[in-house]
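Architecture and fold: a report
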Amino acid sequence: MMRLMLFMSSALVLATSGTSFAQEWTEFVSREDRFTITFPGQPMVTETTWTSQFSAILPARVYGGTQGSSRYSVTVVDYNPIERLLSERSRSLPALDLAVHAYGLGYWKTDGRSAGVYAMSKFMERDAKVTSVLSNFSDLVAGLLVQLTNNDQSHTFASMYMHENRLVITEATVPKDAPPPLIFQQSLGWLDEDGTTKLRYQLIYYNDPDAPKPPIQGR
């Protein structure tokens, strides 16, 4: 109920700021990366890479856009190759390197489990003041929230979730006096393996290789 109230409140803010502004916000669907989010217009997609906590180079995409002086992005990192990449490395490194760097067989699980915390640490390393760090969930997928006040007094709101071995990072930076970007933050959703049906779990979902998936509502 609280989430619905926040979403309605943000919608009212948009409505009072002008019809043309509100019409620019639409539900964006990425079937390839299996998420949905309310985005200002059609985002630009950039192919990139992400270096994980244990130095695996992983494929990633950044969906980015702007609304006035506000900036919005969703970064999706594919952690599916992590088992193969780190297992191959652990087999090829000398025993001394394994002991020093803790790159042993099975550490891919730790890399995946800590992906959200590692992503949050990147925000905390910025030249900005951290004003809030919270645990959260989106449609019962567990995640984290972090809020920063930047040197120009703008505010950055970010979240990070792991779903089906994909690290999803949302980031919105808005001017000093702008309201929080709730319509962006609160609208993140998940799609099934076909990329066609929205998912909502019956229990909190943790992306753990050794844990069973919780049941999905309606199934």
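About the criteria used
- Residues numbered from 1 in each chain as written.
- Predicted model: local features only at pLDDT ≥ 70, side-chain atom pairs only at ≥ 80, totals over all residues.
- Heavy atoms only, no water.
- Helix = DSSP H or I, 4+ residues; strand = E, 2+ residues; numbered from the N terminus.
- Buried < 20%, exposed > 50% of the residue type's maximum accessible area, 1.4 Å probe, protein only.
- Contact = heavy atoms within 4.5 Å.
- Patch = residues over 30% accessible without salt bridge, like charges linked within 9 Å, V, L, I, M, F, W, Y side chains within 5 Å.
- Areas by Shrake-Rupley, 256 points an atom, 1.4 Å probe, with all protein chains shown as cover.
- Salt bridge = Lys/Arg side-chain N within 4 Å of Asp/Glu carboxyl O.
- Phe/Tyr/Trp six-rings, centres within 6.5 Å; stacked < 30°, edge-to-face > 60°.
- Pairing = 2+ DSSP bridges.
- Axes fitted to C-alpha atoms, helices over the stretch in contact; angles between N-to-C directions.
- pLDDT = per-residue confidence, 0-100.

1. Concerning the overall build of the protein
Helix and strand counts for the protein come out as 7 helices and 11 strands. Across the 219 residues in the protein, those meeting the buried criterion constitute 46%. Across the protein, the fraction of contacts at a sequence separation of at least 24, relative to all contacts at a separation of at least 6, is 51%.

2. A look at a nonpolar patch on the surface
A surface patch of nonpolar side chains, about 210 Å² in accessible area, is lined by Met 124, Val 130 and Val 133. If you trace the backbone, Val 133 turns up in strand S6 (residues 128-138).

3. Thoughts on helix H6 (residues 115-124)
Helical geometry: 3.6 residues make up each α-helical turn, so side chains three or four residues apart lie on a common side. Those residues of H6 that sit buried are Ala 115, Gly 116, Tyr 118, Ala 119, Met 120 and Phe 123. Contacts from the buried residues of H6 go to strand S3 (44-51), helix H5 (107-113), S6, strand S7 (141-150), strand S8 (155-163) and strand S9 (166-174).

4. Description of the packing of aromatic side chains
Per the stated rule, a full pass over the model turns up 11 aromatic pairs. Relative to Tyr 118, the ring of Trp 50 has its centre 6.2 Å away and its plane inclined at 85°; by these criteria the two rings are edge-to-face. Here Trp 50 is found in strand S3, whereas its partner Tyr 118 is found in helix H6, with 68 residues between them in sequence. The burial state of Trp 50 is the same as that of Tyr 118; both residues are buried. Here Tyr 161 and Trp 190 contribute two aromatic rings whose centre-to-centre distance is 5.9 Å and whose plane-to-plane angle is 70°, an arrangement assigned as edge-to-face. Remark: Trp 190 occurs in strand S10 (residues 189-191) and Tyr 161 occurs in strand S8; sequence separation between them is 29 residues. One exposure class covers both Tyr 161 and Trp 190, and it is buried.

5. What to know about the pairing of strand S5 (residues 70-78)
Within S5, 7 of the 9 residues are buried, which leaves it mostly tucked inside the rest of the structure. By the bridge criterion, 8 bridges tie strand S4 (residues 57-67) to S5 in an arrangement that is antiparallel. By the bridge assignment for S5, Gly 65 is matched with Tyr 72. The turn joining S4 and S5, which pair antiparallel and follow one another in sequence, is formed by 2 residues; a positive phi near 65° is taken by Gly 68. For S5 and S9, the ladder comprises 8 bridges, and the chain directions are antiparallel. Within S9, the position partnered with Val 77 by the bridge is Leu 167.

6. Some words on the sheet that holds strand S2 (residues 35-40)
Read across the open sheet, the 4 strands follow the order S1-S2-S10-S11; overall the sheet is antiparallel. For this open sheet the edge positions go to strand S1 (25-30) and strand S11 (198-199), each flanked by a neighbour on one side alone.

7. Things to note about the side chain of Ser 30
With respect to the secondary-structure elements, Ser 30 resides in strand S1. Ser 30 gets classed as buried once you look at its relative accessible area, which sits at 5%. Sequence-distant contacts of Ser 30, that is, excluding residues within four places in its chain, are made with Phe 35, Tyr 63 and Leu 191.

8. Quick look at the sheet that holds S5
In space, the 7 strands of this open sheet follow the order S3-S4-S5-S9-S8-S7-S6, with antiparallel pairing throughout. Each edge of the open sheet carries a strand with a single partner, namely S3 and S6. Pairs of neighbouring strands in the sheet enclose a mean axial angle of 20°, with direction left out of account.

9. Some details on the confidence of the model for the protein
The predicted coordinates ought not to be read in detail in places where the model reports low pLDDT. Mean pLDDT for the protein: 86, with 83% of residues reaching 70 or above. Confidence drops under pLDDT 50 across residues 1-23; counting only partners more than four residues distant or on other chains, this segment forms 19 contacts.

10. As for the pattern of salt bridges
All chains considered together, the criterion is met by 13 salt bridges. Among the ionic pairs, Arg 61 bridges to Glu 32, the shortest N-O distance being 2.7 Å. Here Arg 61, found in strand S4, pairs with Glu 32, found in the loop between S1 and S2; they are 29 residues apart in sequence, far enough to count as distant. You can call Arg 61 buried: its relative accessible area is 17%. As a salt-bridge pair, Arg 126 and Glu 171 come within 2.8 Å of each other at their nearest N and O atoms. Here Glu 171 lies in strand S9 and Arg 126 lies in the loop between H6 and S6, a separation of 45 residues in the sequence.

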